[in-house]
Amino acid sequence: TLTDLNDYITPSQACIKPVEQVNPSRAVESGAAATEIRIDSNGSYYEVSKGLAQQTQKLQQAEISLNDCLACSGCITSAESILITLQSHTEVLNFLEHNPSRLVPGHRIPVLSIAPQSLASLAASLASSSGQPSVPLADVLSRVRAFATECLGFDHVYDTTFARHLSLLEHIREFQERQDEDGHRLPMLASACPGWVCYAEKTHSEMLPFISQTKSPQAIMGTLVKGWMAHKWGKRPEDIYHITVMPCYDKKLEASRPDFFDEASNTRDVDCVLTTGEFVLLIKEKNFDLSVPVPPSPTLPSDLPDLLVHLGTSSGSYLHAIISHLIRSSPTPLTLSTASAEATSKQNADSTEYVLTAPDGSTVFRGATCYGFRNLQNVVRRVARDAGIRVIRGRPTVVSKRGASQKAYDYVEVMACPGGCVNGGGQLPRSTTAHIDTSGTLADDGDGGMGSKWADRAWTREVERAYWDGREPVGDRFGLLTPPASPKRKATQIAERSNAHADQLALLVLSDMCNVSVSRWGEEMDAQGEERRRKLFRTSYHAVESEVIGLGVKW
């Protein structure tokens with residue numbers, strides 16, 4: 001039982017690999033200790049040999065890989081301040097410095113993909129420092145694109161909204177498949193948040209059958225860049241170096257998963273992940289002024305559309321996409337015209353239930369958004385209870401099972417961070433963002449430095465507002481009453497037009513990558529096509545068995 005659960009847990013126990021033993025240990029008599037470990041006042045470890053001539057050797061701090069952390073006792077997914085050496089802005093600078101020129105063999109094309117939540121964090125910071133009501137995301141993307149191409153030498157810069165569009169399409173298809181199975185794998189739980197997924201893999205393996213297997217937008221962006229676009233450019237996957245900018249540290253873990261490594265080309269779909277804060281450090285080191293507008297660039301044909309709008313939540317609109325699909329695909333016009341989405345808040349704004357009902361009052365669909373580990377525990381318990389699962393002596397056991405019609409939810413949009421992705425652990429806190437001055441440096445505003453205002457609800461609201469380009473949400477922040485629209489109908493029409501174009505491009509991507517012509521995303525393909533689709537757009541999850549027994553660790 002977790003009695004002190006908190007959304008902002010700092011490491012409460014020493015890492016299981018604090019030091020590295022370089023020299024082979026010497027043979028000693030059975031039961032005798034050849035050396036002992038001493039710790040000085042600075043926290044440094046020393047190995048002291050026993051015997052007449054005592055020798056003292058300072059032990060080097062071990063470098064822990066991402067895979068080590070995934071198999072550890074779980075501190076990295078709750079304390080996102082752990083330094084990951086090969087996933088940092090210094091690694092990006094090191095690559096760019098040593099990347100051969102375009103005319104030399106071995107040159108890799110640098111590509112940058114940035115999440116809309118990261119753009120929103122940058123936009124909120126710029127608005128705060130300049131006193132403007134808002135800075136449009138399109139302007140921020142243009143400035144990021146200018147910085148990355150002119151100062152760093154990137155060839156291509158994209159946002160990840162088209163990849164999210166593909167993820168939502170496949171997400172809907174997977175939900176349909178689960179419905180066709182008589183709901184045995186419902187509720188379906190969103191999988192775009194790697195913090196939640198790692199948490200489930202380590203501590204709640206009974207939840208894994210319910211977690212969506214659709215890849216996240218970051219993972220699909222990797223598939224697009226090193227698959228579809230690499231082919232268009234006449235390049236191999238290993239000829240591209242793909243960097244993403246994300247609102248969350250756990251996206252680094254996601255990129256390191258073996259599922260997203262291509263053995264044939266010996267390359268990862270995403271080579272390096274930077275948080276929004278790390279990207280600002282990159283801007284600082286290059287002395288670029290993100291507050292200065294850039295001149296409009298010549299209109300060039302783009303591989304992917306920019307900044308697609310998916311009305312719903314700022315965490316990806318996964319639940320909204322499911323509900324919108326159910327309304328559009330209903331066989332009766334009554335549901336389309338008169339079915340209601342009734343939203344009722346439970347506990348707090350981070351845990352909200354949504355019920356879709358028919359005109360006769362019968363329940364068509366029940367879903368929920370669940371943000372933050374406090375609320376996540378409640379969802380885990382409810383889903384386990386509905387599935388008749390109890391964890392007995394550490395093992396999930398089916399004791400009874402409700403019918404499909406008795407499930408508490410059909411779908412849950414789960415995110416580990418309170419407030420969702422706009423409040424990710426890698427975002428810019430208020431105290432940092434209020435002063436991105438004209439020299440591109442970060443200044444302490446006297447309020448405690450970086451992170452002192454992280455999780456400030458008012459600041460999260462500002463980032464949320466920036467995400468929707470300065471428009472205030474209407475009613476609840478979700479509803480089929482879409483968020484931010486001014487006027488609402490006009491915003492909806494613009495989103496529908498841009499998404500219609502994205503739908504056509506999505507079909508082209510699917511047809512090209514699966515070598516099968518399709519007329520709609522959910523269309524059934526032949527066996528080879530379906531196998532290819534699953535490999536491209538889905539993944540799988542496995543329980544992580546810890547090799548560490550806490551009570552058995554001796555120091």
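Residues numbered from 1 in each chain as written. Predicted model: local features only at pLDDT ≥ 70, side-chain atom pairs only at ≥ 80, totals over all residues. Heavy atoms only, no water.

- Labelled according to an unreviewed UniProt entry, the protein appears under the name Iron hydrogenase, originating from Vararia minispora EC-137.

Considerations on the pattern of salt bridges
Next up, step 1: All told, the structure shown has 20 salt bridges when counted by the stated rule.
Next up, step 2: The partner of Glu-177 in a salt bridge is Arg-538, and the shortest N-O contact between them spans 3.0 Å. You can see Glu-177 sitting in helix 5 (residues 161–180) and its partner Arg-538 sitting in the segment after helix 16 (527–537), a full 361 residues away along the chain. No difference in accessibility class separates Glu-177 from Arg-538, as the two residues are buried. (Salt bridge = Lys/Arg side-chain N within 4 Å of Asp/Glu carboxyl O. Helix = DSSP H or I, 4+ residues; strand = E, 2+ residues; numbered from the N terminus. Buried < 20%, exposed > 50% of the residue type's maximum accessible area, 1.4 Å probe, protein only.)

Things to note about the sheet that holds strand 3 (residues 56–58)
Next up, step 1: With antiparallel pairing, the three strands of this open sheet are ordered in space as 1-2-3. On the outer flanks of this sheet lie strand 1 (35–39) and strand 3, each paired with one strand and no other. Neighbour-to-neighbour, the strand axes of the sheet open up by a mean angle of 30 degrees, direction not taken into account. (Pairing = 2+ DSSP bridges. Axes fitted to C-alpha atoms, helices over the stretch in contact; angles between N-to-C directions.)

Section: the sheet that holds strand 7 (residues 240–246)
Sheets are built from strands paired through backbone hydrogen bonds, the pairs being either parallel or antiparallel.
Next up, step 1: Sheet architecture is open: four strands sit in the order 5-4-7-10, paired in parallel fashion. Strands at the two margins of the open sheet, each flanked by one partner only, are strand 5 (156–159) and strand 10 (272–275). Across this sheet, the average inter-strand angle for adjacent strands is 20 degrees, counted without regard to direction.
Next up, step 2: In the sheet, strand 7 pairs with strand 10 via four bridges, with the strands oriented parallel. Across the sheet, residue Ile-243 finds its bridge partner in strand 10, namely Cys-272.
Next up, step 3: Most of the contacts of helix 3 (residues 116–130) go to strand 4 (residues 109–114), to which it runs at about 75 degrees, and overall it touches strand 4, strand 5 and strand 7. (Contact = heavy atoms within 4.5 Å.)

A word on the packing of helix 3 against helix 9 (residues 276–285)
Next up, step 1: Relative orientation of the contacting elements helix 3 and helix 9 amounts to 60 degrees, with a least axis distance of 10 Å. Judged on the interaxial angle alone, helix 9 and helix 3 are oblique. Considering only the axes of helix 3 and helix 9, their crossing is right-handed. Counted together, Ser-118, Ser-121 and Leu-122 of helix 3 and Thr-276, Phe-279 and Val-280 of helix 9 form the full contact between these two elements. (Parallel < 35°, antiparallel > 145°, perpendicular 65-115°, else oblique. Left-handed = near helix turned anticlockwise from the far one by under 90°.)

Describing the pairing of strand 7
Next up, step 1: Of all seven residues in strand 7, seven are buried; the element is thus mostly enclosed.
Next up, step 2: The two faces of strand 7 match: Ile-240, His-242, Thr-244 and Met-246 on one face and Tyr-241, Ile-243 and Val-245 on the other face are all buried.
Next up, step 3: Strand direction decides the pairing type here: strand 4 and strand 7, joined by six bridges, are parallel. When the sheet's bridge partners are listed, Leu-112 is paired in strand 7 with Ile-243.

A look at the packing of aromatic side chains
Next up, step 1: On inspection of all chains with the given rule, the structure shows seven aromatic pairs.
Next up, step 2: Ring centres of Phe-147 and Phe-279 lie 5.8 Å apart, and the angle between their planes is 80 degrees; on these two criteria the pair is classed as edge-to-face. Linking Phe-147 in helix 4 (residues 137–151) with Phe-279 in helix 9, this pair joins segments that are 132 residues apart in sequence. In this pair, the class of Phe-147 matches that of Phe-279, namely buried.
Next up, step 3: Relative to Phe-365, the ring of Phe-175 has its centre 6.1 Å away and its plane inclined at 75 degrees; by these criteria the two rings are edge-to-face. (Phe/Tyr/Trp six-rings, centres within 6.5 Å; stacked < 30°, edge-to-face > 60°.)

Some points on unusual backbone geometry
Next up, step 1: Located in the positive-phi region is Asn-287, a residue other than glycine, with phi close to 55 degrees.
Next up, step 2: Along the polypeptide, Asn-287 turns up in the loop between helix 9 and helix 10 (318–328).
Next up, step 3: Phi is positive for Asn-515, which is not a glycine, with a value near 55 degrees.
Next up, step 4: Tracing the backbone through its elements, the reader meets Asn-515 in the loop between helix 15 (488–514) and helix 16.

Focus on the side chain of Ser-118
Next up, step 1: By secondary structure assignment, the location of Ser-118 is in helix 3.
Next up, step 2: The exposure class of Ser-118 is buried, given its relative accessible area of 0%.
Next up, step 3: There is a polar contact of 2.9 Å between the side chain of Ser-118 and the side chain of Thr-276.
Next up, step 4: If near-sequence neighbours (up to four positions away) are discounted, Ser-118 is found in contact with Val-245, Met-246, Pro-247, Thr-276 and Gln-427. (Polar contact = N/O pair within 3.5 Å; in protein donor to acceptor, adjacent residues only side chain to side chain.)

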